[in-house]
Amino acid sequence: MSPSGGPQGDLPGVARLPDQTPASVEPAPASRPVDPVALARIRQRLERSPAPWLHEEVARRMADRLSLIRQAPRRVIDWWPQGGGGASALTVATPDAQRLSLDADGHLVAAPTRWWSMAHWRGAPRQVGDTPDAREAISADLLWANMLLHWVADPPTLLRRWHEALAVDGFLMFSTLGPGTLEALQAIHADAGWGPPQAPFVDMHDVGDMLLEAGFADPVMDQETLTLTWADGDAALAELRAVGGNADPRRTRGLRTPRWRSALAERLPRARDQRVALDFEIVYGHAVRVAPRPRIEAETTVRLQDMRSILRSRRAG
């Protein structure tokens, strides 16, 4: 497999969304059709294997964008490092920060212990599900989430959790797949009358609306298209399996035959050098958590957590 550049990869589209308060934002469009059980299985499979090359490459490119942050973060959350594959890039980019790893559900990822370690015999660290969630564990200056958003069934809820995990003026940086991903593969399935090969991905403008609705300010979304190539169709299909899976509830059920796999491999698009070539739309997003601004009415209720944030921001100012 090899990536190729070109105009699409070199000139990413950029969309800056207007700064609005959550009260003035229209609700984001309905969620894409997904099978949440299939999504959970895909995440679990990705967590059990080394992170895909594509995830590591996206993490490297996303780390280059950390220069947008004016002040070096002291506390960093790496959300889903098992599948995101960005731990190395994040460590190099923020060498002096306190880093905390959380799984896809927002629970602390326990560090592995060797069988002969005293910690093993005293009892392993609390496992996922027994630990506090992100907002109780740390108030971060930076929340980093690489290639996770498209593998969750309810993105708006996850964005709200990211908002809660950040300190005031904390910075969110994430990446996800966009709807331009594997369009050629979708066309092949449609022409052959097969079920869709993947659940549809959310457009970056809709993700920006979700960010505003979750309470973030100054969201900026941009994208680039990476074209990956392989020597043959079998190599391409093997890597597609390693990158993810099909969570579309309309997908064809049951096992596929070797004949079907061969037919698909033969139909995959070829570049001029006869290598199989497929496009991935990579969407990058970043936004800031600002101090809450409660709407003043005859009777106003403010959460204790928000009131503390307001007071801290006033002292800092």
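Higher on the page you've got the structure.
Reading the values: rules and limits
Residues numbered from 1 in each chain as written. Predicted model: local features only at pLDDT ≥ 70, side-chain atom pairs only at ≥ 80, totals over all residues. Heavy atoms only, no water. Helix = DSSP H or I, 4+ residues; strand = E, 2+ residues; numbered from the N terminus. Buried < 20%, exposed > 50% of the residue type's maximum accessible area, 1.4 Å probe, protein only. Contact = heavy atoms within 4.5 Å. Phe/Tyr/Trp six-rings, centres within 6.5 Å; stacked < 30°, edge-to-face > 60°. Lys NZ or Arg CZ within 6 Å of the ring centre and 35° of its normal. Polar contact = N/O pair within 3.5 Å; in protein donor to acceptor, adjacent residues only side chain to side chain. Salt bridge = Lys/Arg side-chain N within 4 Å of Asp/Glu carboxyl O. Pairing = 2+ DSSP bridges. Axes fitted to C-alpha atoms, helices over the stretch in contact; angles between N-to-C directions. Parallel < 35°, antiparallel > 145°, perpendicular 65-115°, else oblique. Arc of directions from axis to C-beta.

**Structural notes on the overall build of the protein**
Now for step 1: What the protein contains, in helices and strands, is 13 helices and eight strands.
Now for step 2: For the protein, with 317 residues in total, the buried portion stands at 46%.
Now for step 3: Taking as baseline every contact in the protein between residues at least 6 positions apart, the subset at least 24 positions apart corresponds to 81%.

**Structural notes on the packing of aromatic side chains**
Now for step 1: Here the structure, examined in full by the defined rule, presents three aromatic pairs.
Now for step 2: Taking the centre distance of 5.8 Å and the plane angle of 45° together, the rings of W162 and F174 count as tilted. Here W162, found in helix α8 (residues 155-165), pairs with F174, found in strand β6 (residues 166-177); they are twelve residues apart in sequence, far enough to count as distant.
Now for step 3: In this structure F174 comes out as buried when scored by relative accessible area, which is 0%.
Now for step 4: Here the basic side chain of R65 rests over the ring of Y284, its NZ or CZ set 3.8 Å away from the ring centre.
Now for step 5: Over the face of the ring belonging to W260 we find R256, whose NZ or CZ atom lies 4.1 Å from the ring centre.

**A short note on the side chain of S175**
Now for step 1: Mapped onto the elements of the fold, S175 is located in strand β6.
Now for step 2: Here the side chain of S175 touches M147 through a polar contact of 3.1 Å, landing on its backbone nitrogen.

**Overview of the pattern of salt bridges**
Now for step 1: Taken as a whole and judged by the stated rule, the model has nine salt bridges.
Now for step 2: With a shortest N-O distance of 2.7 Å, E57 and R61 are connected by a salt bridge. One end of the pair is E57 and the other is R61, both in helix α3 (residues 53-64) and four residues apart, which spans about a single turn.
Now for step 3: A residue is classified by how much of its surface remains accessible, and E57, at 13% relative accessible area, is buried.

**Points about the pairing of strand β3 (residues 75-79)**
Now for step 1: A large share of β3 lies buried, amounting to four of its five residues.
Now for step 2: Here β3 runs beside strand β4 (residues 98-102); their pairing, made up of five bridges, is parallel. Directly across from D78, in β4, lies its bridge partner S101.
Now for step 3: Direction of pairing for β3 relative to strand β5 (residues 140-146): parallel, over a ladder of three bridges.

**Focus on the pairing of β5**
Now for step 1: Across the seven residues that make up β5, a large majority, seven, are buried.
Now for step 2: Judged from the six bridges that link them, β5 and β6 form a sheet pairing that is parallel. Looking at β6, one finds that A140 is bridged to L166.

**Here's the deal with the environment of S175**
Now for step 1: Owing to a relative accessible area of 0%, S175 belongs among the buried residues under this scheme.
Now for step 2: As a C-alpha pair, S175 and G84 span 91 residues in sequence and 9.5 Å in three-dimensional space.
Now for step 3: With residues up to four places along the chain from it excluded, the contact list for S175 reads V58, M62, A145, N146, M147, L148, L149, V283 and Y284.

**With respect to unusual backbone geometry**
Now for step 1: Backbone geometry at D218 places phi at a positive 50°, although glycine is not the residue there.
Now for step 2: Mapped onto the elements, D218 comes out in strand β7 (residues 216-230).
Now for step 3: For Q274, which is not a glycine, the phi torsion comes out positive at approximately 70°.
Now for step 4: On the secondary structure map, Q274 appears in the loop between α12 (258-267) and β8 (276-289).

**Focus: the side chain of T176**
Now for step 1: Relative to the elements of secondary structure, T176 occurs in strand β6.
Now for step 2: Here the side chain of T176 touches H150 through a polar contact of 3.0 Å, side chain to side chain.
Now for step 3: When sequence neighbours within four positions are dropped, the list of residues in contact with T176 reads M147, L149, H150, E281, I282 and V283.

**Examining the packing of helix α11 (residues 233-243) against α12**
Think of two packed helices as two axes; the pair is described by the angle between the axes and how far apart they sit.
Now for step 1: Where α11 meets α12, the closest approach of the two axes is 8 Å, and the angle between their N-to-C directions is 105°. The angle between α11 and α12 places the two elements in the roughly perpendicular class. Along the contact surface, α11 presents G233, D234, L237 and A238, while α12 presents R261, L264 and A265.

**Thoughts on helix α9 (residues 183-192)**
Now for step 1: For α9, every residue scored as buried is listed here: L185, I188 and H189. Buried residues along α9 cover an arc of 95° about the axis, so they all sit on one side. Exposed positions of α9 whose direction lies more than 90 degrees from the buried face are E183, A190 and D191.
Now for step 2: Check the buried side of α9 and you find it contacts α11 and α12.
Now for step 3: Once α9 ends, the next one or two residues include G193, with phi positive near 75°.

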